[in-house]
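Architecture and fold: a report
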Number of protein chains: 2
Amino acid sequence: MTDDERFMALAIEQAQLGWDEGGVPIGAVLVHDGQVLAVGRNRRVQWGSAIRHGETDCLENAGRQPARVYRTSVLYTTLSPCWMCAGTALLYDIPRIVIGENRTYSVSEDLLRSRGVELTVLDDPTCLGLMDKTLSERPEIWAEDIGEEV
Amino acid sequence: MTDDERFMALAIEQAQLGWDEGGVPIGAVLVHDGQVLAVGRNRRVQWGSAIRHGETDCLENAGRQPARVYRTSVLYTTLSPCWMCAGTALLYDIPRIVIGENRTYSVSEDLLRSRGVELTVLDDPTCLGLMDKTLSERPEIWAEDIGEEV
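Residues numbered from 1 in each chain as written. Chains lettered and ligands numbered in written order. Predicted model: local features only at pLDDT ≥ 70, side-chain atom pairs only at ≥ 80, totals over all residues. Heavy atoms only, no water.

**Description of the overall build of chain A**
As a reminder, the rule being used: Secondary structure elements follow DSSP: runs of H or I no shorter than four residues count as helices, runs of E no shorter than two count as strands, and numbering proceeds from the N terminus. For the radius of gyration, the atoms used are the C-alpha atoms, and the globule rule reads 2.2 Å times the number of residues raised to 0.38. Partly exposed describes any residue whose relative accessible area lies between the buried limit of under 20% and the exposed limit of over 50%, with all areas from a 1.4 Å probe on protein chains only and scaled to the type maximum. Whether two residues are in contact is decided by their heavy atoms, any of which lying within 4.5 Å being enough.
Counting secondary structure elements, chain A contains eight helices and five strands. What you see for chain A is a C-alpha radius of gyration of 14 Å, in line with the 15 Å of a compact globule of 150 residues. Dimensions of chain A, computed from the C-alpha atoms along their principal axes, are close to 40 × 30 × 30 Å. Counting every position in chain A, which comprises 150 residues, the buried fraction comes to 61%. Considering only contacts in chain A between residues 6 or more positions apart, those separated by 24 or more positions represent 53%.

**Looking at the sheet that holds strand β3 (residues 73–79) of chain B**
Residues and elements named next belong to chain B. Going by this rule: Here, a strand pair is defined by DSSP locating no fewer than two bridges between the strands. Here the axes come from fitting lines to C-alpha atoms, over the contacting stretch only for helices, and the angles between their N-to-C directions go from 0 to 180 degrees.
Read from one edge to the other, the open sheet built from five strands follows the order β2-β1-β3-β4-β5, with strand pairing classed as mixed. Both edges of this open sheet fall to β2 (35–41) and β5 (118–121), since each of them pairs with a single strand only. Each strand axis lies, on average, 20° off the axis of its neighbour in the sheet, ignoring direction. In this sheet, β2 lies alongside strand β1 (residues 27–32) in antiparallel orientation, the contact comprising six bridges. Across the sheet, the residue bridging to Gly-27 is Arg-41, located in β2.

**Details of the relation of the copies chain A and chain B**
For the record, the criterion: Overlaid copies result from least-squares superposition on C-alpha atoms, with residues included only where pLDDT is at least 70 in both.
Mapping chain A onto chain B is achieved by rotating through 180° and translating by 0.0 Å along the same axis, at an RMSD of 0.0 Å. Taken together, these values place the two copies in the relation of a two-fold axis. Here 100% of the interface residues in chain A have copies in chain B that are interface residues too; the copies meet face to matching face.

**Notes on the environment of Ala-67 of chain B**
Relative to the helices and strands, Ala-67 of chain B is located in helix α4 (residues 67–70). The class for Ala-67 of chain B is buried, based on a relative accessible area of 5%. Between the C-alpha atom of Ala-67 of chain B and that of Ile-97 of chain B, which follows or precedes it by 30 residues, the distance is 17 Å. Not counting the four nearest positions on each side in its chain, Ala-67 of chain B is found in contact with Gly-147, Glu-148 and Glu-149 of chain A.

**What to know about the interface of chain A and chain B**
Basically, it comes down to this: Buried area: the sum, over both parts, of the accessible surface (1.4 Å probe) that disappears when the two are put together. For this document, the term salt bridge refers to a Lys or Arg side-chain nitrogen within 4 Å of an Asp or Glu carboxyl oxygen. Classes in brief: Ala, Val, Leu, Ile, Met, Phe, Trp, Tyr, Cys and Pro nonpolar; Asp, Glu, Lys and Arg charged; the others, Gly included, polar.
Facing 37 residues of chain A, the contacting portion of chain B comprises 37 residues. A combined buried area of about 3100 Å² lies between chain A and chain B, and 57% of that area is made up of carbon and sulfur atoms. When the area that chain A buries against chain B is broken down by residue, the three leading residues are Arg-64, Trp-83 and Leu-91 of chain A, summing to 25%. Joining chain A to chain B, the criterion identifies four salt bridges. We note a salt bridge from Arg-64 of chain A to Glu-144 of chain B, for which the minimum N-O separation is 2.7 Å. Elements that contribute at least two residues to the side of chain A that touches chain B include exactly α2 (44–47), α3 (54–61), α4 (67–70), α5 (83–91) and α8 (139–145) of chain A. Among the elements that line the side of chain A that touches chain B, the one with the most residues is α5 of chain A, at six residues. For the side of chain A that touches chain B, the class distribution of residues is 17 nonpolar, nine polar and eleven charged.

**Here we look at the packing of α3 of chain A against α5 of chain A**
Residues and elements named next belong to chain A. At a minimum axis separation of 8 Å, α3 and α5 run at an interaxial angle of 35°. Touching Glu-55, Thr-56 and Leu-59 of α3 are Met-84, Cys-85 and Thr-88, all from α5. Of the residues assigned to the contact of α3 with α5, the class counts are three nonpolar, two polar and one charged.

**A closer look at the nonpolar core**
Here is the rule: As used here, the term nonpolar core means buried Ala, Val, Leu, Ile, Met, Phe, Trp, Tyr and Cys residues forming a set that is joined through side-chain atoms within 4.5 Å.
Grouped together as the largest cluster of nonpolar side chains are 68 residues, with contacts concentrated most on Ile-94, Ile-97 and Trp-142 of chain A together with Ile-94, Ile-97 and Trp-142 of chain B. Once residues within four sequence positions are removed from consideration, Trp-142 of chain A is found in contact with Val-24, Ile-26, Leu-79, Thr-104, Tyr-105, Met-131, Thr-134 and Leu-135 of chain A.

**Some details on the UniProt feature "domain: CMP/dCMP-type deaminase" (unreviewed entry) in chain A**
The cut-off we apply is this: UniProt positions are given in the numbering used here, feature names are shortened, and annotations may be inferred rather than shown by experiment.
When the UniProt feature table is mapped onto this chain numbering, "domain: CMP/dCMP-type deaminase" (unreviewed entry) sits at residues 2–119 of chain A. Spanning residues 2–119 of chain A, this segment combines 42% helix with 24% strand, and its end C-alpha atoms are found 16 Å apart.

**Quick look at the pattern of salt bridges**
According to the stated counting rule, one finds 26 salt bridges over all chains in the structure shown. Across the salt bridge formed by Arg-41 of chain A and Glu-21 of chain A, the nearest N and O atoms sit 2.6 Å from each other. Remark: Glu-21 of chain A occurs in the loop between α1 (3–20) and β1 (27–32) and Arg-41 of chain A occurs in strand β2 (residues 35–41); sequence separation between them is 20 residues. Note on Glu-21 of chain A: relative accessible area 37%, which makes it partly exposed. Between Arg-6 of chain B and Asp-3 of chain B there is a salt bridge; the shortest N-O distance is 3.1 Å.

**Here's the deal with the packing of aromatic side chains**
All names here are of chain A. Selection rule: Two rings from Phe, Tyr or Trp (for Trp, the six-membered ring) form a pair when their centres sit within 6.5 Å of each other. Planes less than 30 degrees apart are called stacked, planes more than 60 degrees apart edge-to-face, and all others tilted. Cation placement over rings: the criterion is NZ of Lys or CZ of Arg within 6 Å of the ring centroid and within 35° of the ring normal.
In total, this model carries six aromatic pairs over all chains according to the counting rule given. Taking the centre distance of 5.5 Å and the plane angle of 85° together, the rings of Tyr-105 and Trp-142 count as edge-to-face. Placement of Tyr-105 in the loop between β4 (96–101) and α6 (109–114) and of Trp-142 in helix α8 is noted, with a sequence separation of 37 residues between them. In terms of burial, Tyr-105 and Trp-142 fall into one category: buried. Across from the ring centre of Phe-7, 4.7 Å away, lies the NZ or CZ of Arg-6, which sits over that ring.

Have a look at this one:
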């Protein structure tokens, strides 16, 4: 198992927890120097949150970090980042994002690449499977999560 | 006093509260059909938050809203949005942002305009004054707030 696969497995664990809680199954992990700084998951349903996506929840859980930490970290996320989460990565100059899958949703990858962020897409079947279930079983909360209505 | 000035005054009130709490003085207001849905302010210092900027705090305080509400709302913010807050506005398709000032900081306006968001910049002296004080008296937390170090 590569490091990317190992950290993605933690993000998937978060996504699965979110699914089990009745939420949107997207998870994230922030890794610095090979160490996990924080994990996070989408909390829309669980906490009634409009801004706690997997990535932003993870960054919030990491607490206040010096700029140099973000700039040498890797963000793992089970799904390609929405505009908010992409913007958060750009705010903190996170240089690399590892994405579980981008078939279900992909809006910000061109912007991220244009600003020098390195993206690695794993096309992971477990990540895809979680989003497939979401689209078929929880279409309303998925739509809400990306600013749409079914 | 125009509507824009009136709602910006509420955002400034939030920013001033944030300053008085020892934080970064940036405030925001979300307005739908002429009614205030929520106010918010930067909570970096107060709550140890990495993601509660004025705009994101305001959106979080507004709770889960249907997409049609965001798409017909106006976001007021005392300072030009960072990447994260611009991304949040794009996620929810907020069509108009009224900005107190953009002399201290401006990174996302081209992106927002390119995606059809209408921006109105008030160039408000009170907003400018609050950020002038921040740059001179709290440069470390301001730098941290935008992913930099002094």
